[in-house]
Structure formats: C-alpha cells, structure tokens
Amino acid sequence: MLVKNRRSSLLSHCFAMAALLICVLPANASIVLYGTRVIFSGDETEATLKISNEGKLPSLVQSWLDTGDGDMAPEGIDVPFVIAPSLTRLEASDQQMLRIIYSGQPLLQDRESLFWINVLDVPPKTENAKGSQGSLALAFRTRIKLIYRPKGLPGEPRDAPEQLQWSASTTQDGQAVLHARNPTAYVANLGHIAIEAADQSFKVTVGHVLPGETATFALQKPAENEQPPKELPAGAVVVYTSLNDWGGAEGHRVELGR
C-alpha cells in the first residue's frame, strides 16, 4: 500500500508540474512518438505506441488517456483503457513500447469513439541547473488521438471526410460560422479548412467531426484589425484537407450548402 501511495503522489506531482510548465511542442522535447494517432481495432485486446528518447539525458515519462478534456488530472479520468507503463524512466537513445489495453467496459459498436493519449516528458535537472537559483526544467506534453474502431462498421474510414455536409450560419454576435455534419460511422480528422468566395479566402479553425454529429468552426480574422465576414456569399467553396489513419493529407473542395 505504501508503494501505491508513493506512486500516486509521484503521478500527481508530475501532472502538477505539467499544469504549470506544459508546452505542447514535441519538436522541443526529448521524447518522440512514432505516430500521429493510434487506431484501436475492435477485434483486438490491445494496441501499441512506440516512443523514444532522442535527447542526451534520461527522462521521466508519464502516460495517460483522457476523453477530451486535456486539463483534467490523470487520476480523475475514467476511460475504458489502461496504458502501461504509465510511468517509466527512459534513458537517452532508448525506446519503449506503450501498451494500450482495453478494459472490457462497453463502448459504442455502431460508430468510432475518440480518446486522447497524453505523453508527458519530464527531463532531469542538469548538473549546472542543480546549483542554480534561476534554472527552470520544462515538462513537455504530446497529445494524440486514440480512435476505437469497432469491427464491421459500414463503409471505409478514408471516405468519411468526403461525405461531410457543410453549411454556414451567423451567430448572435453577428459572425459567420461554418458547420460540418458527419453522417458516417467514422471520425473525420481535418488538418486545414478555408472558405473561398468572391476572390477572397478566409481561414477557418480546424479540428475533427465525430460520427453522427455536427461540429462548428469559427472563421479567423483575415488580417490584423479586420473582422471575419458576417455572412458568406452564395457560391462559396469549402477547401479542406483530411488526415487518414497514418497522418497523410488529402485535399477536398465542395460548394457550401445552406
């Protein structure tokens, strides 16, 4: 019991550091993930994610999953998966396989479910930093999607982004927004969205669209001190890219519906 309490305390301490010092920029961290997402097949009991320490010093690595709220502490999250090891020391140039194990808790079988994998890299203090009053060790978190895919779903996941149904509306504060409805059983992952209309192009915030749901995306400011349009003109075209299971991008163009 003593070991369990000490482990829980260490996990909480790591997450507390992350809350203060997190920088979601994996390129600046020592820990590298081999993949942009993990697809968990419904006919398997576990999936794996390889990580490596590309730095010159050992790192303490904490891993956990969440359901979409990236600010929640790991011990307060209830997910139907276990990740192991959840806490490990990874030496410089070493690699580690993270095992993601399905607990058997019921999940929807007529569509995909989306979760998130968090990998927190807590580097040690260097010898110079140990004696320095002004040193600061930064913890870096990388967060990628975990998609649970039940077996026997209709259609193909690669076709889902092409079937998105796009429309626009105006919010109560007078700003145009874009809506994407996903009629498929698969998560549609989007890497870039823009609106082209009347020789103008407007960038749009990006994200994903869950199966059977509608996601709303805000238009970004065209330039400094300018505001997005309040209404999109007829004939506007949505230009967007989708990301497949391996992170590859594919382009799409569709006329905006009303």
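It should be emphasised that the depicted structure is a prediction, and the values quoted were computed from it without experimental measurement.

> Sorry if this is basic, but what is going on with the overall build of the protein chain here?
Scanning the protein chain for helices and strands turns up two helices and 17 strands. Taking all 258 residues of the protein chain together, 40% fall into the buried category. For the protein chain, long-range pairs separated by at least 24 residues make up 66% of all intrachain contacts whose partners lie at least 6 apart in sequence. Element-wise, carbon and sulfur atoms account for 50% of the exposed surface of the protein chain, whose accessible area totals about 14,200 Å².

> Would you mind going over the sheet that holds strand β10 (residues 165–170) with me for this structure?
Note on sheets: strands pair through backbone hydrogen bonds, and any given pair is parallel or antiparallel. Taken together, the three strands give an open sheet; going across it, the order is β10-β11-β15, and neighbouring strands pair in antiparallel fashion. Edge positions in the sheet fall to β10 and β15 (214–218), since each has one partner strand and no second. The sheet shows a mean angle of 25° between the axes of neighbouring strands, direction not considered. In the sheet, β10 pairs with strand β11 (residues 176–181) via six bridges, with the strands oriented antiparallel. The residue of β11 that forms the bridge with S167 is H179.

> Looking at this structure, how should I read the sheet that holds strand β6 (residues 87–90)?
Pairing is mixed in the open sheet, where five strands are placed in the order β2-β9-β8-β4-β6. At either margin of the open sheet sits one strand with a lone partner, and together these are β2 (37–41) and β6. Strand-to-strand twist in this sheet, taken as the mean axis angle between neighbours without regard to direction, amounts to 25°. Of the strand pairs in this sheet, strand β8 (residues 113–122) and strand β9 (residues 140–149) are connected by nine bridges, and their pairing is antiparallel. Within β9, the residue paired with D121 across the bridge is F140.

> Would you explain the pattern of salt bridges in this entry?
Side chains that differ in charge, positive against negative, can pair when their charged atoms come close. Under the counting rule described, the total for this entry stands at eight salt bridges. With its nearest N and O atoms 2.5 Å apart, the salt bridge here joins E112 to R149. Placement of E112 in the loop between β7 (95–102) and β8 and of R149 in strand β9 is noted, with a sequence separation of 37 residues between them. Taking relative accessible area as the criterion, E112 reaches 4% and is therefore assigned buried. In this structure, D245 engages R149 in a salt bridge whose closest nitrogen and oxygen atoms are separated by 2.9 Å. One end of the pair, D245, is in the loop between β16 (237–243) and β17 (249–255); the other, R149, is in strand β9, and 96 residues separate them in sequence. Judged by its relative accessible area of 23%, D245 is partly exposed. Connected through salt bridges with shared partners, the residues E112, R149 and D245 form a single ionic network.

> Help me understand the side chain of D121 in this model?
Counting through the fold element by element, D121 comes out in strand β8. With no salt bridge to any partner, buried D121 finds its closest opposite charge in R89, at an N-O distance of 11 Å. Within the local environment of D121, its side chain forms a polar contact with the backbone nitrogen of S30, the two atoms lying 3.0 Å apart. In this structure, D121 is in contact with A29, S30, I31, S59, L60, L138, A139 and F140, ignoring residues within four places of it in sequence.

> Looking at this model, I keep getting lost on the pairing of β9. Mind explaining?
In the case of a regular strand, side chains alternate between the two sheet surfaces. Within β9, nine of the 10 residues are buried, leaving the element largely enclosed by the surrounding structure. Judged from the five bridges that link them, β2 and β9 form a sheet pairing that is parallel. Its bridge partner being in β9, F40 is matched across the sheet by Y148.

> For this particular structure, what's the right way to read the nonpolar core?
The nonpolar side chains of soluble globular proteins are, as a tendency, buried together. Among the nonpolar cores identified, the biggest contains 27 residues, and V38, L65, F81, I100, I117 and L146 are the most heavily contacted of them. Counting only elements with at least two residues in this core, the list comes to β1 (31–33), β2, β3 (46–53), β4 (59–66), β5 (81–84), β7, β8 and β9. Sort the elements by how many residues they give to this core and β8 lands first, with five residues. Aside from chain neighbours lying at most four places away, what touches L65 is I77, V79, F81, I83, I100, W116, I117, N118 and L146. One finds L164, A180, V209 and A236 within the second-largest nonpolar core, a separate group that totals 22 residues.

> Hey, could you run me through the environment of S93 in this one?
Inspection of the secondary structure puts S93 in the loop between β6 and β7. The spacing of S93 and G55 is 38 residues in sequence and 6.8 Å in space, taken between C-alpha atoms. Setting aside anything within four residues of it in sequence, one finds S93 in contact with N53 and G55.

The rules behind the values
Residues numbered from 1 in each chain as written. Predicted model: local features only at pLDDT ≥ 70, side-chain atom pairs only at ≥ 80, totals over all residues. Heavy atoms only, no water. Helix = DSSP H or I, 4+ residues; strand = E, 2+ residues; numbered from the N terminus. Buried < 20%, exposed > 50% of the residue type's maximum accessible area, 1.4 Å probe, protein only. Contact = heavy atoms within 4.5 Å. Areas by Shrake-Rupley, 256 points an atom, 1.4 Å probe, with all protein chains shown as cover. Pairing = 2+ DSSP bridges. Axes fitted to C-alpha atoms, helices over the stretch in contact; angles between N-to-C directions. Salt bridge = Lys/Arg side-chain N within 4 Å of Asp/Glu carboxyl O. Lys, Arg positive; Asp, Glu negative; His and termini not counted. Polar contact = N/O pair within 3.5 Å; in protein donor to acceptor, adjacent residues only side chain to side chain. Core = buried A, V, L, I, M, F, W, Y, C linked by side-chain atoms within 4.5 Å.

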